[in-house]
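# Working through the structure, step by step
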Amino acid sequence: MAYNYTPSDRRTFICTNFVTNEDYTINATCVAIGEHCYVFVEEGWPPAQREAADLMNAFDHIIYPVVTATFGNETGVDRDPRVYIVLLDIRDDSLFNSTSATTLGYFDGNAKNKIDVVFLDIDQRGTEKKSTLAHEYQHLIHHSHDAHERKWINEGCSGYAELLCFGTQNQKIVQSFTRLPGTSLMVTDNQWDSSDDKTTGAHYGASFLWILYLAENYGDRSGYPGHEVFLKDLVANELPGMQGVTTTLAGYGFAESFEDVFKRWVVANYLDADGAGPPFGYAGINLTRHPQRTGRIDLTTQTGLSHSFPEKELPPWSAAYYEVETRDPAQVSYTNDRGFWMEKVVNRDGEVVIVVSPLEDRGAFVLTVSAGGDNQTAGTAANWTPPLTPAALRVAG
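Residues numbered from 1 in each chain as written. Predicted model: local features only at pLDDT ≥ 70, side-chain atom pairs only at ≥ 80, totals over all residues. Heavy atoms only, no water.

### Re the nonpolar core
- With 81 residues, the main nonpolar core has Trp210 and Trp265 as its most contacted residues.
- Beyond its immediate stretch of four places on either side in the chain, Trp210 contacts Trp152, Ile153, Leu185, Val245, Phe258, Val261, Phe262 and Trp265.
- Ala320, Tyr322, Val356 and Ala371 belong to the second-largest nonpolar core, a separate cluster that totals 18 residues. (Core = buried A, V, L, I, M, F, W, Y, C linked by side-chain atoms within 4.5 Å. Buried < 20%, exposed > 50% of the residue type's maximum accessible area, 1.4 Å probe, protein only. Contact = heavy atoms within 4.5 Å.)

### With respect to the packing of helix 1 (residues 49-71) against helix 2 (residues 126-145)
- Contact geometry for helix 1 and helix 2: axes closest at 10 Å, N-to-C directions at 40°. On the basis of the axis angle, helix 1 is oblique to helix 2. Like other packed secondary-structure pairs, helix 1 and helix 2 cross with a definite hand, here right-handed. Residues Glu51, Asp54, Leu55, Ala58, Phe59, Ile63, Tyr64, Val67, Thr68 and Phe71 of helix 1 lie in contact with helix 2, whose contacting residues are Lys129, Lys130, Leu133, Ala134, Tyr137, Gln138 and Ile141. (Axes fitted to C-alpha atoms, helices over the stretch in contact; angles between N-to-C directions. Helix = DSSP H or I, 4+ residues; strand = E, 2+ residues; numbered from the N terminus. Parallel < 35°, antiparallel > 145°, perpendicular 65-115°, else oblique. Left-handed = near helix turned anticlockwise from the far one by under 90°.)

### Let's talk about the packing of aromatic side chains
- Tallied over the full model, the rule gives 31 aromatic pairs.
- Centre to centre, the rings of Phe59 and Tyr137 are 5.0 Å apart; their planes meet at 70°, and the pair counts as edge-to-face. One end of the pair, Phe59, is in helix 1; the other, Tyr137, is in helix 2, with 78 residues separating them in the sequence. The pair Phe59 / Tyr137 is uniform in exposure class, with both members buried. (Phe/Tyr/Trp six-rings, centres within 6.5 Å; stacked < 30°, edge-to-face > 60°.)

### Observations regarding the sheet that holds strand 11 (residues 333-336)
- Spatial strand order, 8-15-11: three strands in an open sheet with antiparallel pairing. Edge positions in the sheet fall to strand 8 (306-308) and strand 11, since each of these pairs with one other strand and no more. Pairs of neighbouring strands in the sheet enclose a mean axial angle of 15°, with direction left out of account.
- Two elements, strand 8 and strand 15 (residues 367-370), share three bridges in a ladder whose sense is antiparallel. Paired with Ser308 across the bridge in strand 15 is Thr368. (Pairing = 2+ DSSP bridges.)

### Regarding the layout of surface pockets
- Roughly 330 Å³ of volume is contained in the second largest pocket.
- If you trace the second largest pocket, you find 19 residues lining it, with Ser184, Met186, Val187, Thr188 and Gln191 closest to the centre.
- With three residues, helix 8 (residues 241-251) is the largest single contributor of residues to the lining of the second largest pocket. (1 Å grid on protein atoms, 1.4 Å probe; cavity = no way out; pocket = protein on both sides within 12 Å on 5 of 7 lines; lining within 4 Å. Points joined across faces, edges and corners; volume = space filled by probe spheres on them.)

In structure tokens form, the structure reads like this:
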């Protein structure tokens, strides 16, 4: 049901203690009312009227219109047109490690409060708090359309919501991923939740870059007429993970499979640091470094010199990057003993880079490269023009 709160009204909220995983209740006071939101502050904290008004205006005029236009409207657990925003001291442990941010916010996905509510940690700075609100509001919308979506899709959408609303480039999580490019993109929720701190950060970074790549090449940033609602359709698609991506692509007339897009994505994750744009890089973010290389070898000493790198194990839907210095990139040949997919690109320093991925397979492999001989795959990324034009454009309406 809808409530008509006024400033200074009080109500009780059920919150989550992230240390004990138990519920507890707080009393909070309404300090601001916007067109699309109420802002409440936990009792015992200063009302912070100016900050609450700033948060309210950001939600009404930036977050609400941008996030709903991109991801859809929340269906809601109540009939109240406003979302509840509660500022409180969230009881938690550190999210990544003792020196990084604690839990910045969450939404009531279990509907314990029987309202649409987002909780924000009151200690955040203003810009950070608004960015977190955009992140959590996307989660609220996504949950209302597809409560069982995989985290690697849902979290990527929330990272993209931050970028759309406030230009937040998520450099910390992106750098976590570039340091661990062998992190799988497509993991189960249990794998995500049980990851160590460094890998969890890498999961967030991979998911954000994946959704940004979809947006720039197929969705709202692609320039295709009618594709402004591509991610809205992905959110509304109740098929999980890969299946949702594949069927959404097909619905817009793209012939590419998930595997096709993934191959281009892992190449873009390397070439963006060389200044490449879509589809071989990003327009909305600048990666400041290449993904951590797995190995490097100098083959300039003589033609025909071969080298086998130490055995490397990869999980499904991950990648490894090998740099090869050579006088003639065209003469570099390469193979691996598992038949994993490979692609050759040339970086800005003229070095050959061999990208290796097991795709849906997994396991240990050995990469062997040579300074002479036939190439094992077709051409370099510089000459590789993927078919990004859809067979039939879907008209939004």
